[in-house]
Amino acid sequence: GAGVSQSPSNKVTEKGKDVELRCDPISGHTALYWYRQRLGQGLEFLIYFQGNSAPDKSGLPSDRFSAERTGESVSTLTIQRTQQEDSAVYLCASRPTGSSGNTIYFGEGSWLTVV
Amino acid sequence: LAKTTQPISMDSYEGQEVNITCSHNNIATNDYITWYQQFPSQGPRFIIQGYKTKVTNEVASLFIPADRKSSTLSLPRVSLSDTAVYYCLVGFSGGYNKLIFGAGTRLAVHP
């Protein structure tokens, strides 16, 4: 596709349920990032995939959060046993191969509300 | 990773020039400086990037002094539609590049 695509765009879930958020990066982009942004707050780094290297999971807030990516394709962020504090927009971004500098491209986000 | 510091918020009026400065005292030799803009309910989008001196595009200018320990994003003649959060990002371009955003600067443009 032309840009980074995320789904679902909006998700309302009950506390304790699991959710999966999907990110389709721009074709050919080797780097993929997940960020969380709570209402009125800045971007909180969650996880970074770079090609076939082991992902950098240092930003995941708890073991309820996990993410996968197969090769240079789709990534899935999974939140288990959701809590109300997980309510936020989850943003995915990708970066071109051999990119000079820090130009990354964001999707429109998946808005998660835990009730 | 170089830490960045920006003002939390700024106010301006339509037609004025706005300058937002970002401090990055421990910037590394290979680091680039990039600015992003984020409107409510949207993902951030790239504005401008530079390594040293001055860079200008159709949207903004970026001024980087010789020591590269700070940078200034300059928005000429702002309009109401420039009301957004602006993020300064510093990091290495090649290979491993974990991009950490700071808190950003909330710019409010008034009529």
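Residues numbered from 1 in each chain as written. Chains lettered and ligands numbered in written order. Predicted model: local features only at pLDDT ≥ 70, side-chain atom pairs only at ≥ 80, totals over all residues. Heavy atoms only, no water.

### A word on the overall build of chain A
Scanning chain A for helices and strands turns up zero helices and 10 strands. Rg of the C-alpha trace for chain A: 13 Å, near the compact-globule value of 13 Å for 115 residues, within the 12% margin. Structurally, chain A occupies a C-alpha span of about 40 × 25 × 25 Å along its principal axes. A burial count over chain A gives 50% of its 115 residues as buried. Element-wise, carbon and sulfur atoms account for 45% of the exposed surface of chain A, whose accessible area totals about 5300 Å². Between the centroid of the 11 positive side chains of chain A and the centroid of its 12 negative side chains there is a distance of 2 Å. (Helix = DSSP H or I, 4+ residues; strand = E, 2+ residues; numbered from the N terminus. Rg over C-alpha atoms; globule rule 2.2 N^0.38 Å. Buried < 20%, exposed > 50% of the residue type's maximum accessible area, 1.4 Å probe, protein only. Areas by Shrake-Rupley, 256 points an atom, 1.4 Å probe, with all protein chains shown as cover. Lys, Arg positive; Asp, Glu negative; His and termini not counted. Charge placed at Lys NZ, Arg CZ, Asp CG, Glu CD.)

### Some words on the overall build of chain B
Counting secondary structure elements, chain B contains zero helices and nine strands. Taken over the C-alpha trace, chain B has a radius of gyration of 13 Å; the compact-globule value for 111 residues is 13 Å, and the two agree within 12%. Reported as C-alpha extents along the three principal axes, the dimensions of chain B are approximately 45 × 30 × 25 Å. Of the contacts formed within chain B by residues at least 6 apart in sequence, a portion of 56% connects residues at least 24 apart. (Contact = heavy atoms within 4.5 Å.)

### Topic: the pattern of salt bridges
All names here are of chain A. Counted under the stated rule, the structure contains three salt bridges over all chains. For R22, the salt bridge is made with D24, and the minimal N-O distance between the two is 3.0 Å. By relative accessible area, D24 is classed as partly exposed at 24%. With its nearest N and O atoms 2.7 Å apart, the salt bridge here joins R64 to D86. (Salt bridge = Lys/Arg side-chain N within 4 Å of Asp/Glu carboxyl O.)

### Some thoughts on the interface of chain B and chain A
At the junction of the two partners, chain B supplies 26 residues and chain A supplies 24 residues. Roughly 1900 Å² of surface becomes buried between chain B and chain A when both sides are summed, with 48% attributable to carbon and sulfur atoms. In terms of surface lost to chain A, no three residues of chain B exceed K98(B), L99(B) and F101(B), which account for 25% of the buried area on that side. At the junction of chain B with chain A, the criterion picks out zero salt bridges. Linking chain B with chain A are five residue pairs in polar contact (both at pLDDT 80 or more), by the criterion used here. A class-by-class count of the residues in the side of chain B that touches chain A yields 14 nonpolar, 10 polar and two charged. (Buried area = accessible area lost by both parts, 1.4 Å probe. Polar contact = N/O pair within 3.5 Å; in protein donor to acceptor, adjacent residues only side chain to side chain. Nonpolar A, V, L, I, M, F, W, Y, C, P; charged D, E, K, R; others polar.)

### A closer look at the layout of surface pockets
Here the largest pocket is characterised by a volume of approximately 420 Å³. Forming the walls of the largest pocket are 26 residues, and the residues nearest its centre are Q37(A), L39(A), G40(A), P40(B) and S41(B). Its residues placed into classes, the lining of the largest pocket shows 13 nonpolar, 10 polar and three charged. (1 Å grid on protein atoms, 1.4 Å probe; cavity = no way out; pocket = protein on both sides within 12 Å on 5 of 7 lines; lining within 4 Å. Points joined across faces, edges and corners; volume = space filled by probe spheres on them.)

### With respect to the sheet that holds strand β6 (residues 61-64) of chain B
Residue and element names in this part refer to chain B. Spatially, four strands are ordered β2-β7-β6-β5 in an open sheet, and the strand pairing comes out antiparallel. Edge positions in the sheet fall to β2 (18-23) and β5 (53-56), since each has one partner strand and no second. Strand-to-strand twist of the sheet, defined as the mean angle between neighbouring strand axes without regard to direction, takes the value 15°. With three bridges joining them, β6 and strand β7 (residues 70-75) adopt antiparallel strand pairing. By the bridge assignment, L62 is partnered in β7 with L73. (Pairing = 2+ DSSP bridges. Axes fitted to C-alpha atoms, helices over the stretch in contact; angles between N-to-C directions.)

### Here we look at the environment of T21(B)
Residues and elements named next belong to chain B. Secondary-structure assignment places T21 in strand β2. As a C-alpha pair, T21 and F63 span 42 residues in sequence and 9.2 Å in three-dimensional space. Each residue touching T21, except ones within four places of it in the same chain, is listed here: T5, Q6, P7, W35, S70, S71 and T72. There is a polar contact of 3.1 Å between the side chain of T21 and the side chain of T72.

### Some thoughts on the state of the cysteines
All names here are of chain B. In the structure shown here, the tally under the stated rule is two disulfides over all chains. The disulfide partner of C22 is C88, and the gap between their sulfur atoms is 2.2 Å. Residues C22 and C88 are joined by a disulfide whose S-S torsion is about -80°; by sign, that bridge is left-handed. Of this pair, C22 sits in strand β2 while C88 sits in strand β8 (residues 84-92), placing them 66 residues apart in sequence. Of the two residues, C22 and C88, neither departs from the other in class, the shared state being buried. (Disulfide = S-S within 2.5 Å.)

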